[in-house]
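Breakdown of the fold
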Amino acid sequence: MSFSNLFDSGFKKRNKNHFASIVKVAMSDGVITDTEKLFLDRLATRLDITEHDYKEIVENYGTHPLNAPLSYETRLERLYDLARMVWADDIQGPNQHSLLEKLCVGLGFHAQNVKYIADKALALAHDDVDSDTFIEEMKNMNR
């Protein structure tokens, strides 16, 4: 196996695990709504998730671990996707917020701060900000 194949394989696995995390959010209320399905479809394309992998992940989303990105910027990008998915759900209740907090810890955010991070992320998702604005606001949330 070549070095590039090793890198490619690890990259694809991280994308699959990230996608599985977002599926977990969508499934927190037991169904994937039409809005969530559209979002998942777009995200699968962006993350290069094959149709076969998409179906396997939706069926077995609980078997994929959360892999925290090393870069803070990448964590915020993934949080952006997760917060948008939570907000896309019509029933924005305690289960989604609780799950987003757990996923924040899985993304590498400190457990003591996840409530504030999840609150801010959901507020920005509600305001429908773009990813650049989201990342900048999250970086500056304590200022």
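This write-up is about the structure you can find in this document. Predicted, not measured: the structure shown is a model, and the values here were computed from it. (Residues numbered from 1 in each chain as written. Predicted model: local features only at pLDDT ≥ 70, side-chain atom pairs only at ≥ 80, totals over all residues. Heavy atoms only, no water.)

Let us now look at the overall build of the protein. Assigned secondary structure in the protein consists of seven helices and zero strands. Relative to its 143 residues, the protein shows a buried fraction of 39%. A separation threshold of at least 6 residues defines the contact pool for the protein, and within that pool the share at least 24 residues apart is 69%. Carbon and sulfur atoms form 52% of the exposed surface of the protein, whose accessible area is close to 8300 Å². (Helix = DSSP H or I, 4+ residues; strand = E, 2+ residues; numbered from the N terminus. Buried < 20%, exposed > 50% of the residue type's maximum accessible area, 1.4 Å probe, protein only. Contact = heavy atoms within 4.5 Å. Areas by Shrake-Rupley, 256 points an atom, 1.4 Å probe, with all protein chains shown as cover.)

One can describe the packing of helix 6 (residues 114-126) onto helix 7 (residues 131-139) by two numbers: an axis separation of 10 Å at closest approach and a directional angle of 150 degrees. Here helix 6 is positioned roughly antiparallel relative to helix 7, judged by the angle of their axes. Helix 6 and helix 7 meet at a crossing whose hand is right-handed. Of the residues in helix 7, those touching helix 6 at Ile117, Lys120, Ala121 and Leu124 are Phe134, Glu137 and Met138. The class makeup of the residues in the contact of helix 6 with helix 7 is five nonpolar, no polar and two charged. (Axes fitted to C-alpha atoms, helices over the stretch in contact; angles between N-to-C directions. Parallel < 35°, antiparallel > 145°, perpendicular 65-115°, else oblique. Left-handed = near helix turned anticlockwise from the far one by under 90°. Nonpolar A, V, L, I, M, F, W, Y, C, P; charged D, E, K, R; others polar.)

Quick look at the environment of asparagine 15 now. Note on placement: asparagine 15 falls in helix 1 (residues 3-26). Taking the C-alpha atoms as reference points, asparagine 15 and leucine 43, 28 residues apart in sequence, are found 10.0 Å from one another. Here asparagine 15 is in contact with Leu47, Ile49 and Arg78, once residues within four sequence places are set aside. At 3.1 Å, the side chain of asparagine 15 forms a polar contact with the backbone oxygen of leucine 47. (Polar contact = N/O pair within 3.5 Å; in protein donor to acceptor, adjacent residues only side chain to side chain.)

Time to look at the nonpolar core. The biggest cluster of nonpolar side chains holds 38 residues, and the ones touching the most others in it are Phe19, Leu40, Leu79, Leu100, Phe109, Phe134 and Met138. Not counting chain neighbours up to four residues away, the residues in contact with phenylalanine 134 comprise Leu76, Leu79, Tyr80, Ala83, Ala121, Leu124 and Val129. (Core = buried A, V, L, I, M, F, W, Y, C linked by side-chain atoms within 4.5 Å.)

A separate point is helix 2 (residues 34-46). The end-to-end C-alpha distance of helix 2, which contains 13 residues, comes to 19 Å, matching closely the 18 Å that a straight helix rising 1.5 Å per residue would cover. Those residues of helix 2 not exposed but buried are Glu36, Phe39, Leu40, Leu43 and Ala44. All buried residues of helix 2 project into a common sector of 135 degrees when viewed along the axis, lining one side. Turned more than 90 degrees away from the buried face of helix 2 sit Asp34, Leu38 and Thr45, all of them exposed. (Expected span 1.5 Å × (residues − 1). Arc of directions from axis to C-beta.)

Turning next to the pattern of salt bridges. The full count for this structure, using the stated rule, is seven salt bridges. Note that glutamate 51 is salt-bridged to lysine 55, the shortest N-O span being 3.4 Å. Of the two residues, glutamate 51 and lysine 55 both sit in helix 3 (residues 51-59), four residues apart, roughly one turn of that helix. (Salt bridge = Lys/Arg side-chain N within 4 Å of Asp/Glu carboxyl O.)

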